[in-house]
Protein chains: 4
Amino acid sequence: MTSSSSERVHRVVVDKRQVILDAATRVFAGKGYHGSRVSDIALEAGIAYGLVYHYFKNKEEILNSIFDAQWAVFLETVQEIALSPEVTERKLLAIAELILKAHRVRSDWVKVLVFEIQRSQRFAEPDRLRAVSELFKLVGQIVREGQELRVLRDDIDPDLACAVFMGGLDIMVTNSVLPETVKPSASSDEGLRYQEVAQAVVEIFLGGMSSGEASCR
Amino acid sequence: MTSSSSERVHRVVVDKRQVILDAATRVFAGKGYHGSRVSDIALEAGIAYGLVYHYFKNKEEILNSIFDAQWAVFLETVQEIALSPEVTERKLLAIAELILKAHRVRSDWVKVLVFEIQRSQRFAEPDRLRAVSELFKLVGQIVREGQELRVLRDDIDPDLACAVFMGGLDIMVTNSVLPETVKPSASSDEGLRYQEVAQAVVEIFLGGMSSGEASCR
Amino acid sequence: MTSSSSERVHRVVVDKRQVILDAATRVFAGKGYHGSRVSDIALEAGIAYGLVYHYFKNKEEILNSIFDAQWAVFLETVQEIALSPEVTERKLLAIAELILKAHRVRSDWVKVLVFEIQRSQRFAEPDRLRAVSELFKLVGQIVREGQELRVLRDDIDPDLACAVFMGGLDIMVTNSVLPETVKPSASSDEGLRYQEVAQAVVEIFLGGMSSGEASCR
Amino acid sequence: MTSSSSERVHRVVVDKRQVILDAATRVFAGKGYHGSRVSDIALEAGIAYGLVYHYFKNKEEILNSIFDAQWAVFLETVQEIALSPEVTERKLLAIAELILKAHRVRSDWVKVLVFEIQRSQRFAEPDRLRAVSELFKLVGQIVREGQELRVLRDDIDPDLACAVFMGGLDIMVTNSVLPETVKPSASSDEGLRYQEVAQAVVEIFLGGMSSGEASCR
DNA sequence: AATGAATGAGTGTTCATTCAT
DNA sequence: TATGAATGAACACTCATTCAT
């Protein structure tokens, strides 16, 4: 087969746009959006300064692109989980694992997503707001479904419960003062594996922290 | 008491430093640290902007001062709660109410604290890190105590549980996609009162969301 | 005639150089030299912008080429007029009509010529200077000739008179605050025909604006 | 009298805004608006770079200010002439002298005015357009008045005549290919004095270039 | 001839900080 | 204390020009 050197060349000449996006993700994650200069991104990407502007209108658009590129995929996965025929508990566990795994595998991206976009002025933009509320809607749906199935108590507002659940996960990703022993990590060498953390978060959310003795309503 | 007229004058001429701090808090809350110019702060404070530098070394120090000025008080309150002779549940409720009330009453300050300090590069500074970890230590202590008292299950890492609890609260303050009905607010006119939210968060944390039927371990 | 097919092809594939020149003329006329990007020109010409540099050394050269390409033809026509056996009055009229007609027919070119070349730093270049002074020399010659023939008064410097004449025409082309009724235009629907304007300019130049009554020297 | 050193000091500390404006006028006149960097202006003004932006929003505003600052004065003088009880001829002469004198005395300003503002994209702005048309309106009025007084022939559109007159003056200021002998200059050492040029322009405009012999209509 | 990706010098503008008064 | 003029480093963005294909 003459799958040709030309083809291989094209395989080697990776998509510059993506190269820039990856570099920017790393740079933003490291120094924050405001702390990052466009020249830092170019340097990290190993390209000429001006080329960045060949692919992106401006610095802001790079950030937005980072968000857009991955959020859709992420959200789709969440939707699959929400619509799957699994039990509520398994769905929540899947969500938890998805989020914590993302943090492990693409921690740069998550950092940028959470710190530079979700927690910034930028977040006020309707587009972003809608995107994130989409996530909460899907998880909220899982909770509501659980309540309808009588698996979850229904004396608590489902949106509020959803928020608490997400907050528990969010902080695992966000918080830098968590003791190492509790940080979700790839190997159990350093702290818990992300599955264990996910498991724990779901367990607290569903079963509560009360010891069995007294508080079983 | 000999509180001289000169002293009284000083009492009338409100503390400029504080005026600046308050103005800065409002400005930072509104436009973010990076989006705020020193001149914006001066304008908001109603003073010449050169004067800012009589009271603060630089912009950064203003932000730090905002943090320092209030965090100590906040932490002290948390400590009082932690050391009080109350039951674990009441302690957690008190913490939850404290945080959510702060958000109601001084939402600007909380915004700055959370968005501009805790979620920024700045947070990497050991001083801030230590300050915040202090909070987690105190709450973690409450959890540990609960476990020792056999009120809380001890098959879950106390730090992890603590984080989940704090995350549930944190998101109430942070998240802008929460439906209005769930946002903790001052009056019950719009959404729940902050006490109700606090109550709910604690209840989920302790009792879990599972309906009584099956999952009472 | 052996106009080969290859030649015909070349005839169909219009001269790219000229296409670029025409596009540039339109673009420069619309946005000014500094306001026009090379990519704008390429876009207007419908070609890739790298190609512009196959035909021209740089942006500047495009402007110069626009000038060079047409100025020679223009100047030649002026020369023909100057050397023709006509009376001074008819010569001046012919010049006036030539200029105003050019403005009507190729207003883009005239705009570029006048605004971007004659009235710009670029004009300082000896080449351009010489080219334009050529025009003035020719018209000045007509005036001088008129004076020698005793058709024109000779108590006024011929160069100065020439300048006044040219200024009167120049402003018709240049001035954007002229009332519509006076602007030289193609049809008499809107304002005067360019011939009428030419006629009027010449008449003022020769006969003066004074009413016959008193001032006939 | 205690007209005080403080007062004198204020007299010495000249208006920085004006210093910048003057410097900018010189720089713009020399290198053109586009060829001038803000740093050039600062350098020429002998001030720090950033200070320019303390007094002007941006480079563009500097140019506009140059125009605004002097145009009003200029226009007022023209108006005085137009409204004076003088004969038409003297009014036109006064206008001619005003313009040519301005060119002599403040040639930088005139250069900037004519080259960078009147003959640029910028000129399209309604404000500038209106300002210049004001000038033409006033001169046009003089012509109209002359026609009503039967001093000027009325078989020619007054606006057109006005334009021709102004064009004759304009070119004296604009044209760089005029022989030195004709350029209006301060002393008669080099070319004509500006009064002589003004005189000549008016004479041509009123009396025409035709020799008395034949063409006295 | 043709394309458009790649380069990087150039420059307008912002704004924290200092300073003279 | 108070003012706001003065400073200048920093940086985003533009765009003419070159180059690999």
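Keep in mind the model is a prediction, meaning the values are calculated, not measured.

A. Up close: the interface of chain B and chain A. Counting residues at the interface gives 60 residues for chain B, matched by 59 residues for chain A. Between chain B and chain A the total buried area reaches about 4800 Å² when both faces are included, carbon and sulfur atoms providing 65% of it. Put simply, chain B and chain A have two salt bridges between them. The partner of arginine 153 of chain B in a salt bridge is glutamate 203 of chain A, with the nearest N and O atoms 2.3 Å apart. Looking at the side of chain B that touches chain A, the elements that each hand over two or more residues are helix H2 (16–31), helix H7 (107–118), helix H8 (126–148), helix H9 (158–174), helix H10 (194–207) and helix H11 (212–215) of chain B. Here the side of chain B that touches chain A gets 12 residues from one element, more than from any other, and that element is H9 of chain B. The residue inventory of the side of chain B that touches chain A, partitioned by class, reads 29 nonpolar, 19 polar and 12 charged.

B. Structural view of the relation of the copies chain B and chain A. With an RMSD of 0.1 Å, chain B superimposes on chain A once it is rotated by 180 degrees and translated 0.0 Å along the axis. Expressed as an axis order, the relation between the two copies is that of a two-fold axis. In terms of C-alpha distance to the rotation axis, chain B has glycine 208 of chain B as its closest residue, with the C-alpha 1.8 Å off the axis. Mapped onto chain A, 97% of the interface residues of chain B are again interface residues, and the two copies thus contact each other with one and the same surface.

C. Helix H8 (residues 126–148) of chain D, seen in detail. For H8 of chain D, spanning 23 residues, the distance from its first C-alpha to its last is 31 Å, which sits close to the expected 33 Å at 1.5 Å a residue. Of the residues flanking the end of H8 of chain D, it is arginine 150 of chain D, one or two places downstream, whose phi is positive at about 65 degrees.

D. A look at the protein's contact with DNA strand E. In the vicinity of DNA strand E lie 29 residues, with Lys16, Ala48, His54 and Tyr55 of chain A together with Tyr49 of chain D positioned nearest. A breakdown of the atoms of DNA strand E within 4 Å of the protein gives sugar and phosphate a share of 66%. Interatomic distance of 2.4 Å between a side-chain N/O atom of histidine 54 of chain A and a phosphate oxygen of DNA strand E. Here a phosphate oxygen of DNA strand E and a side-chain polar atom of tyrosine 53 of chain B are 3.1 Å apart. Elements that contribute at least two residues to the surface near DNA strand E include exactly helix H4 (52–55) of chain A together with helix H4 (52–55) of chain C. For the surface near DNA strand E, the per-class residue count stands at 15 nonpolar, eight polar and six charged.

E. Region of interest: the protein's contact with DNA strand F. In the neighbourhood of DNA strand F, 28 residues make up the surrounding shell, with Tyr49 of chain A together with Lys16, Ala48, His54 and Tyr55 of chain D lying closest. Each atom of DNA strand F within 4 Å of the protein was classed as base or backbone; sugar and phosphate made up 67%. Here valine 38 of chain A contributes a backbone N or O atom positioned 3.1 Å from a phosphate oxygen of DNA strand F. The contact in question runs from a base nitrogen of DNA strand F to an N or O atom on the side chain of tyrosine 49 of chain B, over 3.2 Å. Listing elements by their share of the surface near DNA strand F, those giving two or more residues are helix H4 (52–55) of chain B together with helix H4 (52–55) of chain D. For the surface near DNA strand F, the class distribution of residues is 14 nonpolar, eight polar and six charged.

F. Seen up close, unusual backbone geometry. Phi at arginine 150 of chain C is positive, roughly 65 degrees, even though this residue is not glycine. Position of arginine 150 of chain C relative to the elements: it lies in the loop between helix H8 (126–148) and helix H9 (158–174).

G. Focus on the domain arrangement of chain A. All names here are of chain A. Examined at the domain level, chain A breaks down into domain 1 (1–57) and domain 2 (66–207). Facing nine residues of domain 1, the contacting portion of domain 2 comprises seven residues. Buried area between domain 1 and domain 2, both sides added, is near 740 Å², and the carbon and sulfur share of it is 68%. The interface formed by domain 1 and domain 2 holds zero salt bridges in total.

Rules and cut-offs
Residues numbered from 1 in each chain as written. Chains lettered and ligands numbered in written order. Predicted model: local features only at pLDDT ≥ 70, side-chain atom pairs only at ≥ 80, totals over all residues. Heavy atoms only, no water. Contact = heavy atoms within 4.5 Å. Buried area = accessible area lost by both parts, 1.4 Å probe. Salt bridge = Lys/Arg side-chain N within 4 Å of Asp/Glu carboxyl O. Helix = DSSP H or I, 4+ residues; strand = E, 2+ residues; numbered from the N terminus. Nonpolar A, V, L, I, M, F, W, Y, C, P; charged D, E, K, R; others polar. Least-squares fit on C-alpha atoms with pLDDT ≥ 70 in both. Expected span 1.5 Å × (residues − 1). Near = heavy atom within 4 Å. Polar contact = N/O pair within 3.5 Å; in protein donor to acceptor, adjacent residues only side chain to side chain. Domains from an automatic or database assignment.

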